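These are the residues of each chain, in order.
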Amino acid sequence: MTAADVPALLRETVGEGALITDPAGMGSYLTDWRNAWSGAAAAVVRPGSTEEVAAVVRACRTAGVAVVPQGGNTGLCGGSMPDSSGRQVVLSLDRMRRIRGVDPVDLTITAEAGVVLRSVQQAAAAEGCLFPLSLGSEASCTIGGNLATNAGGTGVLRYGNMRDLTLGLEVVLPDGRIWNGLRALRKDNTGYDLKQLFVGAEGTLGVITAAVLKLFPAVRSRATAWVALPSPQAAVDLIGVVRALCGDRLTGFEVMSRQSVDFVLRHQAGARDLFADVHPWYALVELSDTLPDAGLDGLLEAGLAEAFEREVAADAVVASGSAQVAALWALREGISEAQNFEGPSLKHDVTVPVSSIPAFVERTDRALQAALPGIRIVTYGHIGDGNLHYNLSKPAGSDDAAFRAMAGELARVVYDSTSSFDGSISAEHGLGQSKRDVIADYKDGLELELMRGIKRLLDPPGLMNPGKVLPSA
Ligand code: FAD
Ligand code: 2HG
Ligand code: ZN
């Protein structure tokens, strides 16, 4: 079968209406919002039901055509992009947007894979519940993509990542069989936990078509502070101070270097600095509670008073009102976009144990400055989970191409340092295309062998999202 035969095959399978083959129509499926990734495809197919997904996967398998599942296309490592051959098929879940049910008694929501994360949050809220996954891309990313990447975000500290939020899955396997694992059970010890194989597999083991997810009681009060810090050690100490006082009410703890905040102040309309002085680090601290009057402002102020006393915090503002809360979160969530205005962003999404963060930052920054003097280090992230986005921008005024040419070398600097602290080179974004080869140097050989065995078992011809996650042979 040649690439030219694929549209006819898919037309026969799901009909003309579910198919895009013209270059203009396929455009937004074949590049990402940053123009960091692009590819070509024989067709984009948009099935409207699980049965149609299965029919497409079966037809492609029979014809020997590779399938690339795609959700909101917000991923940051090229996982949802086809290669440049023009022979692969992009299978978009963007017509599978049905919320099949919300159950406030079982505290579950059942949603199809193409439902946008924000719609799930809203459907939960309409029933007095909370779906706690929260990402900067939540207006575009989908539940299928969140599951396939085991997304993290800003609520992990209290509620866990997508893996922790998943009770059941429906998956079309690479041979086209439908596995209905849509169970809503909190306890099920009947052997291997198969759903977890598909969470974080980045579409390499099958197409997720629906999921049963956990809900929580709605949050009814919040307190949010922006805190200036002298150092990463102060950030770690501040977590300890606030947690000791507030326990599980600490639901968000994000940290940002001054360089990160500078980019937002420069490029985000309306962004403004909170303090007269410039500080090297900042934290965004959020408490929340299910009670409407939980006295959170008072608790947060008490925590901050202790932090000042111990010289952990240099300055702080507790947000008054929802507009200021939104402004603080915009400062944090705006970093990813703001960095794009400063030339190529080299992204490294790493975790180390929280206690190692101060030494890790010190060692990594020193090694990066030695590798490229003047490099702008844009470090920020979910420090409560030990997860830092160790992103890099070129030295001011220098050449884009020369900086891009150093991407591999600079990634090694960050990853070697991460590895020396027993960390992981992908905390939340996954491996996709960008880290599939480099992972071979940072992951145990036996683990990679087991992963390859699972891939062979489920997808012997290797047609489900090839060229992603697993290192090339
Ligand atoms: P896509 O980008 O379409 O796909 C991602 C991967 O999942 C690909 O490998 C694809 O093949 C696979 N896939 C998609 N749908 C399916 C399916 N139904 N079945 C099987 N495989 C599938 N990520 C975080 O974890 N935490 C963050 O805080 C965070 N913040 C972000 C902020 C911004 C501004 C941006 C742009 C991205 C951010 N991300 C974050 C990354 C990204 O949004 C998440 O990885 C998200 O979960 C991807 O969802 P998506 O629907 O866009 O998936
Ligand atoms: C975040 O935490 C996201 O803002 C995106 O994970 C990080 O753009 C990035 O590198
Ligand atoms: Zn993140």
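This one's a predicted model, so the numbers in the text were calculated from it and none came from an experiment.

**Thoughts on the overall build of the protein**
Okay, step 1: The helix and strand inventory of the protein stands at 16 helices and 18 strands.
Okay, step 2: Expected size for 473 residues packed as a compact globule is a radius of gyration near 23 Å; at 23 Å, the protein falls within 12% of this value.
Okay, step 3: Considering only C-alpha atoms, the protein reaches an extent of 70 × 55 × 45 Å along its principal axes.
Okay, step 4: Going through the 473 residues of the protein one by one, you find that 48% of them count as buried.

**Notes on the confidence of the model for the protein**
Okay, step 1: Of all residues in the protein, 100% have pLDDT values of 70 or greater, and the mean over the chain is 97.
Okay, step 2: The ipTM assigned to the predicted complex is 0.99, against a pTM of 0.98.

**Quick word on the site of ligand 2**
Okay, step 1: Near ligand 2 the following residues occur: Leu76, Gly136, Ser336, Lys347, Gly381, His389, Asn391 and Glu428.
Okay, step 2: Class assignment of the residues belonging to the shell around ligand 2 gives a composition of one nonpolar, five polar and two charged.

**Quick word on the nonpolar core**
Okay, step 1: Formed by 62 residues in total, the largest nonpolar core has its most connected members in Ala43, Val45, Val56, Val89, Leu91, Ile208 and Ala211.
Okay, step 2: Per element, the largest residue contribution to this core is six residues, and it comes from strand S10 (residues 207–214).
Okay, step 3: Residues lining this core come from more than one domain, with at least three contributed by each of domain 1 (3–92) and domain 2 (99–217).
Okay, step 4: Aside from chain neighbours lying at most four places away, what touches leucine 91 is Val45, Val53, Val56, Val67, Val68, Pro69, Gln70 and Val207.
Okay, step 5: Judged by nonpolar contacts, the second largest core, of 60 residues, contains Ala225, Leu287, Ala307 and Ile335.

**Some remarks on the site of ligand 1**
Okay, step 1: Surrounding ligand 1, one finds 36 residues, the nearest of these being Gly71, Gly75, Gly79, Gly144 and Gly145.
Okay, step 2: Going through the elements one at a time, strand S3 (67–70), helix H5 (143–148) and S10 are the ones with two or more residues in the shell around ligand 1.
Okay, step 3: When residues of the shell around ligand 1 are assigned to their parent elements, the largest contribution, four residues, is made by H5.
Okay, step 4: Across the shell around ligand 1, the residue classes break down as 11 nonpolar, 22 polar and three charged.
Okay, step 5: Viewed by domain, the shell around ligand 1 spans two of them, domain 1 (3–92) and domain 2 (99–217), each represented by three or more residues.

**Here's the deal with the sheet that holds strand S17 (residues 376–382)**
Okay, step 1: Across the sheet, seven strands lie side by side as S15-S12-S14-S13-S17-S18-S16; this open sheet has antiparallel pairing. The sheet is open, and its two borders are formed by strand S15 (315–318) and strand S16 (349–351), each paired with just one other strand. Each neighbouring strand pair of the sheet contributes to a mean axis angle of 20°, computed without reference to strand direction.
Okay, step 2: Sheet analysis places strand S12 (residues 221–229) next to strand S14 (residues 281–289), joined by nine bridges and oriented antiparallel. Bridged to serine 221 within S14 is aspartate 289.
Okay, step 3: In the packing of helix H9 (residues 258–267) onto the sheet, contacts are made with strand S13 (250–257), S14 and S17, and the angle to S17 comes to roughly 95°.

**Points about the UniProt feature "domain: FAD-binding PCMH-type" (unreviewed entry) in the protein**
Okay, step 1: The feature "domain: FAD-binding PCMH-type" (unreviewed entry), as annotated in UniProt, sits at residues 37–218 in this numbering.
Okay, step 2: With 21% helix and 24% strand, residues 37–218 has its two end C-alpha atoms placed 38 Å apart.

**Remarks on the sheet that holds strand S1 (residues 19–20)**
Okay, step 1: Pairing within the open sheet is mixed, and its four strands lie in the order S1-S2-S4-S3. Sheet topology places S1 and S3 at the edges, where each strand pairs with a single neighbour.
Okay, step 2: Relative to strand S4 (residues 89–92), S3 runs parallel, the two sharing four bridges. Of the residues in S4, the one forming a bridge with valine 68 is valine 90.
Okay, step 3: Packing of helix H1 (residues 6–14) onto the sheet brings it into contact with S1, strand S2 (43–45) and S4, and relative to S2 it is tilted by some 15°.

**Re the packing of helix H8 (residues 232–246) against helix H10 (residues 296–309)**
Okay, step 1: The contact between H8 and H10 brings their axes to 9 Å, and the two run at 140°. Relative to H10, H8 is oriented oblique. For the element pair H8 and H10, the recorded crossing hand is right-handed. Residues Leu238, Val241, Val242, Leu245 and Cys246 of H8 touch H10, and the partners they reach there are Leu299, Ala302, Gly303, Glu306 and Ala307.
Okay, step 2: Partitioning the contact of H8 with H10 into residue classes produces eight nonpolar, one polar and one charged.

**Some remarks on the domain arrangement of the protein**
Okay, step 1: Along its sequence, the protein is organised into domain 1 (3–92), domain 2 (99–217), domain 3 (221–336) and domain 4 (343–431).
Okay, step 2: Relative placement of domain 2 and domain 3: their C-alpha centres are 29 Å apart.
Okay, step 3: Every contact between the two is made by six residues of domain 2 and, on the other side, nine residues of domain 3.
Okay, step 4: Here the side of domain 2 that touches domain 3 is composed, by residue class, of two nonpolar, three polar and one charged.

**A few points about the pairing of strand S9 (residues 178–181)**
Okay, step 1: Relative to S9, strand S8 (residues 166–172) runs antiparallel, the two sharing four bridges. Each bridged residue has a counterpart across the sheet, and for valine 171 the counterpart in S9 is tryptophan 179.
Okay, step 2: Joining the antiparallel neighbours S8 and S9 is a turn of five residues, in which glycine 176 adopts a positive phi near 95°.

**Details of unusual backbone geometry**
Okay, step 1: The phi dihedral of asparagine 35 falls on the positive side, at around 60°, and the residue is not glycine.
Okay, step 2: Residue classification places asparagine 35 among the exposed positions, given that 8 C-beta atoms sit within 10 Å.
Okay, step 3: The phi dihedral of leucine 107 is positive, around 55°, even though this residue is not glycine.
Okay, step 4: Its location among the elements puts leucine 107 in the loop between strand S5 (99–103) and strand S6 (108–112).

Conventions and cut-offs
Residues numbered from 1 in each chain as written. Chains lettered and ligands numbered in written order. Predicted model: local features only at pLDDT ≥ 70, side-chain atom pairs only at ≥ 80, totals over all residues. Helix = DSSP H or I, 4+ residues; strand = E, 2+ residues; numbered from the N terminus. Rg over C-alpha atoms; globule rule 2.2 N^0.38 Å. Buried ≥ 20, exposed ≤ 12 C-beta atoms within 10 Å, placed from the backbone. pLDDT = per-residue confidence, 0-100. Near = placed C-beta within 6 Å. Nonpolar A, V, L, I, M, F, W, Y, C, P; charged D, E, K, R; others polar. Core = buried A, V, L, I, M, F, W, Y, C linked by C-beta atoms within 7 Å. Domains from an automatic or database assignment. Contact = placed C-beta atoms within 7 Å. Pairing = 2+ DSSP bridges. Axes fitted to C-alpha atoms, helices over the stretch in contact; angles between N-to-C directions. UniProt positions renumbered as here; feature names shortened; annotations may be inferred. Parallel < 35°, antiparallel > 145°, perpendicular 65-115°, else oblique. Left-handed = near helix turned anticlockwise from the far one by under 90°.

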